[in-house]
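Architecture at a glance
In case you want the letters, here they are:
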Amino acid sequence: MVIDDKLLSKLEELSHLKVAPEKREEIKEELSNILNFVENLNQLDTDGLPDKFSMRDTYSHLRDDNIEVDKNIGKSVVENSPKYQDSSFVVPRIV
Amino acid sequence: MEFEVVIGLEVHVQLNTKTKLFCSCPTSFNEKENSNTCPTCLALPGALPVINREAIHKAIQFGTAVNASINRYSKFDRKNYFYPDLPSGYQISQFYKPIVENGYIEVNGRKIGIVRAHLEADAGKNIHESNYSKVDLNRAGTPLLEIVSAPDLRSSDEAIEYLKKLHSIVRYIDISDANMQEGSFRCDANVSIRPKGDTKLYTRVEIKNINSFRFIQRAIDYEVERQIEAWEDGVYEDEVIQETRLYDSVKNETRSMRGKEESADYRYFPEPDLLEVYIDDETLETYSKIPELPDEKAERFQTELGLSEYDAKVISSSIELANFFEEMINSGASVKNSVTWLTVELLGRLNKNNLPITSSPISSSKLSDLVKAIDNKTISGKAGKDILDYLMEHDISVDEAIEKLGLKQVNDDSAILKLIDEVLSKNSDKVEEYKQGKTKLFGFFVGQVMKASRGSANPQKVNELLRSKLS
Amino acid sequence: MITLKEALKLPKEELPHLKQDLKKRIEEKKELNAYISLDESGDGVPILIKDNIQVKNWSVTSASKILQGYISPYDATVITKLRENGLAPFGRANMDEFAMGSSTETSYYGKTLNPHDYERVPGGSSGGSASAVGGGVAIASLGSDTGGSIRQPASFCGVVGMKPTYGRVSRYGLSAYGSSLDQIGPITQNVEDSAILYDIISGYDPKDSTSADIEYSPITPNLNPNQKYRIAVIDNYVKDASTEIQQAYEKTIRTLEKLGHTIIHKEMTDAKYDISAYYITAMAEASSNLARYDGIRYGSRVEGENLKDTYFRTRSEGFGDEVKRRILVGNFVLSSGYYDAYYVKAQKVRYLIQQKYSEIFQDADLILSPVSPTLPFKFGEKKEPLDMYLSDIYTISVNLAGLPAISLPVDWVGNLPVGLQLIGKPFDELNLFNGALSLEQGLK
């Protein structure tokens, strides 16, 4: 798999981050190498195998609908956040 | 060319569990911002989800109510995207294997398919100020049941009927407050058109987040017209693309969402922090128990109480109305009068003041008292209307109102005969004319007696006694 | 350095003195840079905590710039268990950023040194934890292992590192990297200490839905180094290791035989497939797990011209290069059109690997395997990301199959330690520890 500029841009969009311009070529090569390597899995026949790995044949524990809340947690997180007003987190205007 | 409309509806119902879907924070609203939060719904490093069994319970109840299959094995998946009200950067939903599938509800005799209903976590709330936005995560993590209909609806009327029925069912089984204004019942519509007779599905447009039945109908109607016009003008390919549009209720139009890029890639994959959900036999049996549904209740009202189909449907359309009615009957009010006085008299007055039955100033026991007073002829029907008007404004008992307004019906024969004698003696000439054959004057005499009694005489008695007096 | 077992026997009054002494040693060897900071919390025996395990009121940053300023408001379940058993979190251990690495070279706080050779890496990602214990500046430490991040640094630093069966130890409070692979585990001076710390942190936790709801019996009181086992050696693996590793391997086999264990010979699937299945899975899960780091609710934010710009700048400046690489690849393998060919395929291969291990365990009680293909390498030696990934060949299949494993020092080459690992059956930690204890004693 070759990572070209278009694909890298799409991945940056999905990841919500940008690679520094001077590192772009290097990253494209590194990612291509990684993906080329992992494609070795195509050499293995996996037809009919289950597609979810699990340690045991158990299922999700279901929790009872009982309230348990420590109001201090929300408070301390807000007061320690990069930008907040009253008790809300503040972000640039969402359009 | 004639066109056919194809509508599918997606409804997000906020479940009325005590705690959130994946953590034990309370779901109660109107609290200080970010006070009902924990590491999980704040998406702190290291936090993990744990499923609320009551949400599973309510989902299964819903599935049972809509004749759907309950998947014994279901699972949760991550839907990945960035938005400030989505703290973890992914929503935990059910993409690959939902808990409920393949149900239907009947709308005007037609079966409307419900493709799936699945559980997912709600996002928080963004509040927009002039040049910044505020994020409150109290709502983040609240359980939602997303109910997806098949594209079986063929008109905006039918769509509204479906929504009303769905709303009624959800309220009947009490899995949600289902309040559209408060956001616990949210509807998105998928609309497409096609030439009549064509079976292909054409481009569908999603209209999002409209918060009243009336606006949903208008939005659908506008969108249908827009699509038809585009087809007829030969610009369908350009004008009608698969996209999400917002409805503007002021201008009554749908608009493309600005700056929309190519459709999002949510990269769904199974939630690695949860195992599959398994419902065993015992749980399935317990969780499938639901109370009587609207259609069953309507049926029972007809067979057991003799209501007409129309009346039965009206009363059973909402659980609150049905409960109101049943409380009246159970306290001894007659069925016939209860139907009239509830559906015509009370509802008429409530509708005029834009009040739902839940905000009625007159309780079921009070209306029942009024009906019983009419049943046993303590007051006349006309007096009843006056009393009802009075009770809408004044919080007193029915007896007190009857007393206050002096509307107690006179049933006593001797009292009525006295009045009849008075009227007849005052109008002896007319009595003569009546005896000569002017039978029309009977109504006049009745009117005069009623007038003399200030409306309180029992009209049937007046009729009977006057007839015997004049014969 | 006093062992954990001895420290737990100390009367309470002596603990402050113990801590003072420890602080002095840490200061004397501060060039190791094993400790990010010397936070304290509670009065028990001091245990060094990897910087991705939540301790209430500590700044827990996963050695990343993006979490600078975050103060954790809660304790991880393992920390609660420490406190309940006379232990106390003491110091944040350096690590590779977000646990992504095998050398602790990607930390925001700079690299940690190998205590036996300052020009060489301590291994990663739990490099700080292992270096501190190996350098005599920690009694014991907690690390995390997703693809070998406890066992490999333990081997490079000459100490014992153990990864429990997946689901044995709660992940609640462990900053997630590869959710289906992560486990917290002990890094200690010897096997018995490892068992003690393992007992304390293990057990079902209803707050972690992947935690195993099975009965737990403590290992430590039941340790038996005299039990004899059938131990499998993987022939096709060892031939890819360096000469020194191969020699240590042979030597260990002879020791085990002398101790009375039976050696049987087995083959595993080519490790190159393990690498692929591991990195696809780990990167996919990481790309999603790290989406929460956006500077909105906590950590450090870089304001942009608008909301989207803020997201991009915060994450671009807050994450190091390796983390960015993994997020990008992770999003690739999950994206529409590639999901089945990469992510789903990798899960099916995991099943194959699990099956292969099951087959081997029909005949064997334990597996003896190398931990690293080479001796601890020098800083800057692994320039290409892929080279770094390939150094994980012996450890990652254990995480893919969720098995328990323990790495212990078996030999020295000059001043450099060589470690090997024993791998056990799922939830069979007692036999794993017995085998390790037997080997440790046999090597004395």
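Residues numbered from 1 in each chain as written. Chains lettered and ligands numbered in written order. Predicted model: local features only at pLDDT ≥ 70, side-chain atom pairs only at ≥ 80, totals over all residues. Heavy atoms only, no water.

Of the residues lining the interface, 66 residues belong to chain C; the matching set on chain A comes to 52 residues. Both faces considered, chain C and chain A share a buried interface measuring about 5,300 Å² in area, 68% of it formed by carbon and sulfur atoms. At the boundary of chain C and chain A, one finds four salt bridges. Between A:E13 and C:K308 there is a salt bridge, with the nearest N and O atoms lying 2.8 Å from each other. Put simply, chain C and chain A have 15 residue pairs in polar contact (both at pLDDT 80 or more) between them. Elements represented by at least two residues in the side of chain C that touches chain A include exactly α9 (271–289), α10 (307–318), α11 (321–334), α12 (340–363) and α13 (385–390) of chain C. Class assignment for the residues of the side of chain C that touches chain A results in 38 nonpolar, 14 polar and 14 charged. (Contact = heavy atoms within 4.5 Å. Buried area = accessible area lost by both parts, 1.4 Å probe. Salt bridge = Lys/Arg side-chain N within 4 Å of Asp/Glu carboxyl O. Polar contact = N/O pair within 3.5 Å; in protein donor to acceptor, adjacent residues only side chain to side chain. Helix = DSSP H or I, 4+ residues; strand = E, 2+ residues; numbered from the N terminus. Nonpolar A, V, L, I, M, F, W, Y, C, P; charged D, E, K, R; others polar.)

Split into domains, chain B comes out as domain 1 (3–287), domain 2 (294–405) and domain 3 (413–470). Look at where the C-alpha atoms of domain 2 of chain B and domain 3 of chain B centre, and you get two points 33 Å apart. (Domains from an automatic or database assignment.)

Here we take up a nonpolar patch on the surface. On the surface, A:Y59, B:Y73 and B:Y278 cluster together into a nonpolar patch covering about 280 Å² of accessible area. Relative to the helices and strands, B:Y278 is located in strand β17 (residues 277–278). (Patch = residues over 30% accessible without salt bridge, like charges linked within 9 Å, V, L, I, M, F, W, Y side chains within 5 Å. Areas by Shrake-Rupley, 256 points an atom, 1.4 Å probe, with all protein chains shown as cover.)

Turning to the pairing of strand β6 (residues 183–188) of chain C, a few remarks are in order. All names here are of chain C. Of all six residues that make up β6, six are buried, and the element is covered over most of its length. Side chains Q183, G185 and I187 project from β6 onto one buried face, and the interleaved I184, P186 and T188 project onto a second face that is buried too. Pairing of strand β4 (residues 140–145) with β6, which is carried by six bridges, proceeds in the antiparallel orientation. Bridging from a neighbouring strand, S144 pairs with I184 of β6. Direction of pairing for strand β5 (residues 160–163) relative to β6: antiparallel, over a ladder of two bridges. Across the sheet, G161 pairs through a bridge with I187, a residue of β6. (Buried < 20%, exposed > 50% of the residue type's maximum accessible area, 1.4 Å probe, protein only. Pairing = 2+ DSSP bridges.)

Our focus in this paragraph is the sheet that holds strand β13 (residues 205–210) of chain B. Residues and elements named next belong to chain B. The mixed open sheet is built from nine strands, whose spatial order is β3-β7-β8-β11-β1-β12-β13-β14-β15. A single partner strand is all that each edge strand has here, and the edge strands are β3 (69–70) and β15 (253–256). One ladder, built from two bridges, connects β3 with strand β7 (residues 100–107); its direction is antiparallel. For I70, the partnering residue across the bridge sits in β7 and is V100. Against the sheet, helix α2 (residues 53–65) engages β3, β7, β8 (110–121) and β11 (143–149), with an angle of about 175° to β8. (Axes fitted to C-alpha atoms, helices over the stretch in contact; angles between N-to-C directions.)

Our focus in this paragraph is a negative patch on the surface. All names here are of chain B. A surface patch of like charges, here negative, comprises D157, E161, D221, E225, E229, E232, D233, E237, D238 and E239. When contributions to the negative patch are tallied by element, the ones reaching two or more residues are α3 (156–172), α4 (213–232) and α5 (236–239). With four residues, α4 is the largest single contributor of residues to the negative patch. Relative to the helices and strands, D233 resides in the loop between α4 and α5. (Lys, Arg positive; Asp, Glu negative; His and termini not counted. Charge placed at Lys NZ, Arg CZ, Asp CG, Glu CD.)

Our focus in this paragraph is the sheet that holds strand β6 (residues 90–93) of chain B. The strand order β6-β5-β16 (chain B) describes an open sheet built from three strands, whose pairing is antiparallel. Pairing within the sheet leaves two strands with one partner each, and these edge strands are β6 and β16 (269–270) of chain B. Pairing analysis gives four bridges linking strand β5 (residues 77–80) of chain B to β6(B), with the strands arranged antiparallel. By the bridge assignment, B:K79 is partnered in β6(B) with B:Q91. Where α9(C) meets the sheet, it contacts β5, β6 and β16 of chain B, and its direction lies at approximately 60° from that of β5(B).

Okay, the side chain of C:T252 next. All names here are of chain C. Structurally, T252 is set in helix α8 (residues 243–258). Judged by its relative accessible area of 1%, T252 falls in the buried class. When sequence neighbours within four positions are dropped, the list of residues in contact with T252 reads L368, V410, L420 and L439.

This part takes up the packing of helix α16 (residues 441–452) of chain B against helix α17 (residues 459–470) of chain B. All names here are of chain B. Interhelical geometry of α16 versus α17 gives an angle of 125° and a closest axis separation of 10 Å. Between α16 and α17, the crossing angle belongs to the class labelled oblique. Note that α16 runs across α17; the crossing there is right-handed. Seen from α16, the contacting residues are F442, F445, V446, V449 and M450; seen from α17, they are P459, V462, N463, L466, R467 and L470. (Parallel < 35°, antiparallel > 145°, perpendicular 65-115°, else oblique. Left-handed = near helix turned anticlockwise from the far one by under 90°.)

This next bit is on the interface of chain B and chain A. Contacts between the two partners involve 49 residues from chain B and, on the opposite side, 33 residues from chain A. Interface of chain B and chain A: buried area, both sides summed, is about 3,600 Å²; carbon and sulfur atoms make up 57% of it. Considering only the surface of chain B that becomes buried against chain A, B:S24, B:R53 and B:F82 emerge as the three largest contributors, covering 15% of it. Applying the counting criterion to the chain B and chain A interface returns two salt bridges. For B:E31, the salt bridge is made with A:K71, and the minimal N-O distance between the two is 3.1 Å. Here chain B and chain A share 25 residue pairs in polar contact (both at pLDDT 80 or more) between them. Going through the elements one at a time, α1 (39–42), β2 (51–52), α2, β9 (125–128) and β10 (132–136) of chain B are the ones with two or more residues in the side of chain B that touches chain A. The element best represented in the side of chain B that touches chain A is β10(B), accounting for four residues.

We now examine the packing of α3(B) against α4(B). All names here are of chain B. In contact at an axis separation of 9 Å, α3 and α4 are set at 150° when each is read in the N-to-C sense. The angle between the axes of α3 and α4 places the two elements in the roughly antiparallel class. With respect to the hand of their crossing, α3 and α4 are arranged in right-handed fashion. Along its contact with α3, which presents S156, D157, A159, I160, L163, K164 and H167, the element α4 presents F213, I216, Q217, I220 and D221. For the contact of α3 with α4, the per-class residue count stands at six nonpolar, three polar and three charged.

Attention now goes to the side chain of B:D265. Its place among the elements puts B:D265 in the loop between β15 and β16. For the buried B:D265, no salt bridge exists, and the shortest N-O distance to an oppositely charged side chain is 4.7 Å, to A:K10. Reaching out from B:D265, the side chain makes a polar contact with the backbone nitrogen of C:S336 at a distance of 2.9 Å. Excluding its chain neighbours within four sequence positions, the residues that come into contact with B:D265 are A:L14, B:N80, C:S335 and C:S336.

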